[in-house]
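Working through the structure, step by step
The primary structure of each chain is shown beneath.
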Amino acid sequence: MAVEPEATRQEVSLSRDMGLLDITMIGVGGMIGAGIFVLMPIAAGVAGPALIVAFALNGLITLITAASYAELGSAFPGAGGGYLWVREALPGPSGFLAGWMLWFAHATACSLYALGFGVYFGELLLHLTEKMGVTIGPAPELFVEDWLHKILGVAVIAVFTYINFRGASETGKIAILITLGKIVLLGVFIVSGLYYMFLRPDWQGSFTPFMPRGFGSVVTAMGLTFIAFQGYEIIVQCGEEVKNPRRSLPRAVFLAVAIVVPIYCLIVVAALGGINPDAHDFATTWQWLGDEGPVGLVKAARMIMLGGPAIGGLLWIIGGLLSTTSALNATIYSSSRVSFAMARNRELLRTMSHVHPKRRTPHIAIITSAVIVTLMALALPIQDVASAANIMFLILFLQVNVAVITMRRRRPDLKRGFMVPLMPYIPIVGIATQFFLAINMFQFSWIAWAFALCWIGLGLILYYLYLKPHERRERHLKAPIVFERVPPDFETYQVLVPVANPEHMENLLLAGAALADRFDGDITALNVITVPDILPVEEGIRFLSSAEKILDAARDMGEELGLSIRTVARVGHHIPRAILNTIEDDEVDMLVLGWRGWTAESQLVMGTTLDPTISQANCDIAVLKAVSPIREVKRILAGVTGSPQNPLVVEAAGAFQQFFDAEVTYAHVRRPGQEIDDDLRQRYLENEDEEERLPIEFWEARSPAAELVRRSADYDLFILGSARESALQQLTFGSVTQTLAKHAKCSVLMVKKGPGPLKALAREMFRPLEDDERTEVILPEEE
């Protein structure tokens, strides 16, 4: 048995050298950046004084999701953060998209911070020239040009890319220095604004009316400024480099939120209350801030900061530069850690998971992220793309709240440094509010939604055209436990036949052979080795001999019947999940299952194995209830209706007719006076293609089901499709189909078409967590 030895597996990891202060300051630095310095004046123009409410509500929503981050971060302290948790909790493309969107969101935020730095550095040059009489190079009007801001933004990206390359300890030290200095300067702005506010006897007028554009404007402002609250997410990106992460990560998350939210609210109060609009000849302060745009707070600081326009404005500009650079530093760090984690999980190029031998930093991931950030800073409309980043952060945080609920249920045994109280109600509130804010962003910037959907669409294309096939083939080549005779041929029609009981094996293999022969396909016999939930799947290797006996019997039986059968065994905790994994990995087109009929204990379902398998399989399905040997089939009854399942019934009947050289009767039963179904008439009676027409016999009976059951006694096999019934009734095949199968007087083959592409995608992305267990494929020793 080809088992990869533990000694040959290389674990890529980062060094742990960051403490509580380091990661708290990284989080605070990520939150207090261009989001507040650049977007706050714009948001003030949207919501007016009610921007205070927008910040307070955003802070509340932030605390809800921060609690989820604290729990999951303390349980999974690894590089990648929310992406890894969603990947662990949700199946298929959801985990990949979480990382894909998070990488993009951080890179976009980073380009915003870089351009914010360019704007503020241009303001610094202009301030030194106009307010302080310093002569600097060209004409001052050039300092407000966009091209200069972009050049300055690219330069600062290069500087902090190098700092991040140097190592996490340098990153943490830089973050502490910048963030502490920034908080001091913001404190000076707040104290100055409050001082001037209380000197005004009519300061209350600056907050009246408090909500001039209604509550809808508050919601819009919340969505616009949400990026200013996402910095706590960066903290968990440090999980693999933090000392005592289960203790430090939850504390750092809550400390960062507790520091930042009051600062934001006080900045709004100081800016609106400290400026007297009458003294500066404008109607209202909040409208003036909105008109001034990204540099609104620079001009506000010149009016109210202690030290006068020259010194006060200079201090604020320095604070803006420190804020944008600290946020830039933190987001370059976090975006590179997300791409590093994705590459380590084989979801991006493997070279991005390389760690520098001396610096112990993911240098390729850092450089790649910096290139993307630079391209966006140079080419993209920042305000709309920043809104797209907001949308993606909201979607990611929504997924994280789903993940914390499902992981609490799935993995109660995990050691957690913090646990969200009132589970699951608090995360559910977070899910609802984040969904609402994301949808509301469409009103502010439909371009942002279009851009976000394009990026998500690109991620789905990458996942389904490259990652998923590559992942599947790699799993076949490098699975840690192996037992498989031949890899599947993905180009041919694949029929999968799960086998467990040699007594029923022949009928199932012959049914599979008939269907495979119709499409020149291959048959795979699958045996599932089940392991109790309390044991790891590796324990299933001890039971490999029993699987080999069953699969050897299947192969020998195939040789006797003249069939070429590929054999596979899987180890897992649940048979349905193992079957569904095989369908996904082998691109199965048809699944053939055996059914013994209802038991006395359950008259409503087909069984604990068949029900979840049939309801979730993304392929065509045939379920055989055999009451006599299938090799003796000579007369076949095919029930045809106007159901969408009817073409599959016809195909199956043709397959069995050809394989067993049998006669087929295509029958349609209707009640007296009932018209022939239009779809049935057009498809099979009046079809211009003579080869598509069917010699259908029309029978009349008051009870069509009873008539089919009665007539089935004259046949060896009865083929029927799932009934045209409600979704509730069609949990498996539909109650009418199951009733006919139960009472038929001969063997029965029930067929069901697989879901369409959109339904299959939705099923894969949102299937229940309990079904997302990855079973191990076993391959054989080389002979």
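Please read these numbers as outputs of a predicted model, since none were measured by experiment.

1. A closer look at the pairing of strand β9 (residues 717–721)
The side chains of a regular strand alternate, residue by residue, between the two faces of the sheet. A large share of β9 lies buried, amounting to 5 of its 5 residues. Judged by which residues are buried, β9 turns out to be covered on both faces: Leu717, Ile719 and Gly721 on one side and Phe718 and Leu720 on the other are all buried. As defined by bridge partners, β9 adjoins strand β10 (residues 747–752) across 5 bridges and the pair is classed as parallel. In the strand pairing of β10, leucine 720 is matched with methionine 750.

2. Considering the packing of aromatic side chains
If you walk through the whole model with that rule in mind, you get 20 aromatic pairs. Each ring, one from phenylalanine 55 and one from tyrosine 264, has its centre 5.4 Å from the other, and the planes form 45°; the classification is tilted. In this pair, phenylalanine 55 is assigned in helix α4 (residues 51–75) and tyrosine 264 in helix α11 (residues 245–274), connecting sequence segments 209 residues apart. The burial state of phenylalanine 55 is the same as that of tyrosine 264; both residues are buried. Pairing tyrosine 69 with phenylalanine 397 gives two aromatic rings, centres 5.6 Å apart and planes at 90°, and the pair type is edge-to-face. Pair noted here: tyrosine 69 is in helix α4 and phenylalanine 397 is in helix α17 (residues 382–410), with a separation of 328 residues, a long-range link.

3. Things to note about the confidence of the model for the protein
Taken as a whole, the protein shows an average pLDDT of 77; of its residues, 78% reach a score of 70 or greater. In this model, residues 475–483 is a region of pLDDT below 50 whose contacts with residues beyond four sequence positions or in other chains number 38 contacts. Considering only residues more than four positions removed or in separate chains, one finds that residues 600–604, a stretch of pLDDT under 50, has 3 contacts.

4. Description of unusual backbone geometry
A cis geometry characterises the amide bond from threonine 208 onward to proline 209, with omega recorded as -5°. Looking at the element boundaries, proline 209 is found in the loop between α8 (168–199) and α9 (214–225). Cis geometry marks the peptide bond from methionine 423 to proline 424, where omega comes out at 5°. Unlike most non-glycine residues, glutamate 587 shows phi in positive territory, near 50°.

5. Topic: helix α6 (residues 93–130)
Taking 1.5 Å per residue, 38 residues should reach 56 Å; α6 reaches 54 Å between its end C-alpha atoms and fits that length. For α6, a buried count of 36 out of 38 residues is recorded, marking the element as mostly surrounded by other parts of the structure.

Cut-offs and rules
Residues numbered from 1 in each chain as written. Predicted model: local features only at pLDDT ≥ 70, side-chain atom pairs only at ≥ 80, totals over all residues. Heavy atoms only, no water. Buried < 20%, exposed > 50% of the residue type's maximum accessible area, 1.4 Å probe, protein only. Helix = DSSP H or I, 4+ residues; strand = E, 2+ residues; numbered from the N terminus. Pairing = 2+ DSSP bridges. Phe/Tyr/Trp six-rings, centres within 6.5 Å; stacked < 30°, edge-to-face > 60°. pLDDT = per-residue confidence, 0-100. Contact = heavy atoms within 4.5 Å. Expected span 1.5 Å × (residues − 1).

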